[in-house]
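Architecture and fold: a report
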Amino acid sequence: STGAASMWPVLMDSSARNTLHPNAITIFVVLLCLSGIFSSTFTLVFAYISDTVRKRDERVSAYGLALATFGLSFTVGPLAGGYLAQ
């Protein structure tokens, strides 16, 4: 989504902002499909941790590290996308 969000203003600036891009629906559907494919990452990470980490204390720290990584990526991703869009 960071790449798509940073490319969208460029696509809209290449055409007029008042008109709809001819391939807008196609682009939307493709990006929506990609978003659906990559949205399962959160669930898969938790399933992987619960299957591979046996000790409870280590599992708790692994979940915390995974949540910290996702939180950081949700914060840094849009900031990087905004920076790259300019």
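A quick note: this is a predicted structure, and the numbers were derived from the prediction, not measured. (Residues numbered from 1 in each chain as written. Predicted model: local features only at pLDDT ≥ 70, side-chain atom pairs only at ≥ 80, totals over all residues. Heavy atoms only, no water.)

Things to note about the overall build of the protein
In terms of helices and strands, the protein carries 4 helices and 0 strands. Within the protein, buried positions represent 12% of all 86 residues. Counting only carbon and sulfur atoms, one obtains 68% of the accessible surface of the protein, whose full area is about 6,900 Å². (Helix = DSSP H or I, 4+ residues; strand = E, 2+ residues; numbered from the N terminus. Buried < 20%, exposed > 50% of the residue type's maximum accessible area, 1.4 Å probe, protein only. Areas by Shrake-Rupley, 256 points an atom, 1.4 Å probe, with all protein chains shown as cover.)

Let's talk about the packing of aromatic side chains
This model, assessed by the stated rule, comprises 4 aromatic pairs. Note on Phe-46 and Tyr-63: the rings are 5.0 Å apart at their centroids and 90° apart in plane angle, and the pair reads as edge-to-face. Remark: Tyr-63 occurs in helix α4 (residues 56-85) and Phe-46 occurs in helix α3 (residues 41-52); sequence separation between them is 17 residues. Three or more aromatic residues joined by ring pairs make a cluster, and in this case those are Phe-42, Phe-46, Tyr-63, Phe-70 and Phe-74. (Phe/Tyr/Trp six-rings, centres within 6.5 Å; stacked < 30°, edge-to-face > 60°.)

Notes on α4
Over its 30 residues, α4 runs 43 Å from end to end, which matches the ideal 44 Å to within 8%, given 1.5 Å per residue. Those residues of α4 that fall on the buried side of the exposure criterion are Ala-66, Phe-70, Gly-77 and Gly-81. (Expected span 1.5 Å × (residues − 1).)

Examining the packing of α3 against α4
Relative orientation of the contacting elements α3 and α4 amounts to 160°, with a least axis distance of 10 Å. In this view, α3 runs roughly antiparallel relative to α4, as classed from their interaxial angle. As for how α3 packs across α4, the hand of that crossing is right-handed. The segment α3 lies against α4, with Thr-41, Phe-42, Val-45, Phe-46, Ile-49 and Ser-50 engaging Arg-59, Ala-62, Tyr-63, Ala-66, Leu-67 and Phe-70. Here the contact of α3 with α4 is built from residues that sort into 9 nonpolar, 2 polar and 1 charged. (Axes fitted to C-alpha atoms, helices over the stretch in contact; angles between N-to-C directions. Parallel < 35°, antiparallel > 145°, perpendicular 65-115°, else oblique. Left-handed = near helix turned anticlockwise from the far one by under 90°. Contact = heavy atoms within 4.5 Å. Nonpolar A, V, L, I, M, F, W, Y, C, P; charged D, E, K, R; others polar.)

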